[in-house]
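Each chain, written out:
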Amino acid sequence: QVQLVESGGGLVQPGGSLRLSCAASGSISSINDMGWYRQAPGKQRELVATITRGGNTNYADSVKGRFTISRYNAKNTAYLQMNSLTTEDTAVYYCRESVQRYGSIGYILYWGQGNQVTVYS
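Just so it is clear, the structure is predicted and the values come from calculations on it, not from any experiment. (Residues numbered from 1 in each chain as written. Predicted model: local features only at pLDDT ≥ 70, side-chain atom pairs only at ≥ 80, totals over all residues. Heavy atoms only, no water.)

*Asks:* Could you give an account of the nonpolar core, with specific residues and numbers?
*Replies:* Membership of the largest hydrophobic core comes to 31 residues, with the highest contact counts inside it found for Trp-36, Val-48, Phe-67, Leu-80, Met-82 and Tyr-93. Mapped by element, the contributors of at least two residues to this core are strand 1 (2-7), strand 3 (18-26), strand 4 (28-39), strand 5 (46-51), strand 7 (67-72), strand 8 (77-82), strand 9 (91-101) and strand 11 (115-119). Excluding its chain neighbours within four sequence positions, the residues that come into contact with Val-48 are Trp-36, Tyr-37, Arg-38, Asn-58, Tyr-59, Ala-60, Val-63, Phe-67, Leu-80 and Tyr-93. (Core = buried A, V, L, I, M, F, W, Y, C linked by side-chain atoms within 4.5 Å. Buried < 20%, exposed > 50% of the residue type's maximum accessible area, 1.4 Å probe, protein only. Helix = DSSP H or I, 4+ residues; strand = E, 2+ residues; numbered from the N terminus. Contact = heavy atoms within 4.5 Å.)

Written out as C-alpha cells, the structure is:
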C-alpha cells in the first residue's frame, strides 16, 4: 500500500507565497517522476510542474519563474514553492508520483488527496 499525503495549502493574498509538500509512504522501492497538477472550478486538471528522479524539471508556461518544484528523495517527498501568486492560481493542487513498490517491476501512478490553494484580493 502506498499513500501520498499533501500539506501546505491555504489562503493567501495576491503576491504572496505558499509551499506545498507531498510525502509518500508505504511499501516503496523507488520513485521516478514526481509532479504537481491543479484543477480550478469548471476547468480540467492541468500540469503545473514535474521533476525527474535526477532533478530535471518541467513547468507550465503560466507558472515559469514563479513556482519551483523540488524533491527530497531520502524522504520520498516533493515540494512546490509558489511565489508571486495571483487569483488565477486558485485551484485544488494534486501531487502525483510514479512509484515502484517492493517486489514489483513496473511503476504505478499515485495521486495525493488534493490541497486547496485560494488567492484572494
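*Asks:* Explain the pairing of strand 3 to me, using residue names and the numbers behind them.
*Replies:* The sheet contact formed by strand 1 and strand 3 spans six bridges and is antiparallel. The residue bridging Gln-3 from the neighbouring strand is Ser-25, located in strand 3. (Pairing = 2+ DSSP bridges.)

*Asks:* Residues and numbers for the pattern of salt bridges, please.
*Replies:* Evaluated as defined, the whole model comprises four salt bridges. Salt-bridge contacts for Glu-46 lead to Arg-38; the nearest nitrogen and oxygen are separated by 2.7 Å. Between Arg-38 and Asp-89 there is a salt bridge whose closest N-O contact spans 2.9 Å. With Arg-38 in strand 4 and Asp-89 in the loop between strand 8 and strand 9, this pair connects stretches of sequence that are 51 residues apart. An identical accessibility class is assigned to Arg-38 and Asp-89; each is buried. Overlapping salt bridges bring together Arg-38, Glu-46, Arg-66 and Asp-89 as one network. (Salt bridge = Lys/Arg side-chain N within 4 Å of Asp/Glu carboxyl O.)

*Asks:* Which residues make up the environment of Thr-52, and what are the values?
*Replies:* In this structure, Thr-52 sits in the loop between strand 5 and strand 6 (57-59). Residue classification places Thr-52 among the partly exposed residues on the basis of a relative accessible area of 24%. The sequence separation of Thr-52 and Gly-35 amounts to 17 residues, and the corresponding C-alpha distance is 8.6 Å. Once residues within four sequence positions are removed from consideration, Thr-52 is found in contact with Asn-32, Asp-33 and Arg-71.

*Asks:* Pulling in residues and values, what's your account of the state of the cysteines?
*Replies:* Tallied over the full model, the rule gives one disulfide. Disulfide pairing is shown between Cys-22 and Cys-95; the S-S distance is 2.0 Å. Here the disulfide of Cys-22 and Cys-95 is right-handed, its torsion about the S-S bond being about 55 degrees. Residue Cys-22 is located in strand 3, and its partner Cys-95 is located in strand 9; the two are separated by 73 residues in the primary sequence. For the residue pair Cys-22 and Cys-95, the accessibility class agrees, reading buried in each case. (Disulfide = S-S within 2.5 Å.)

Worth remembering: the numbers are spatial, not functional.
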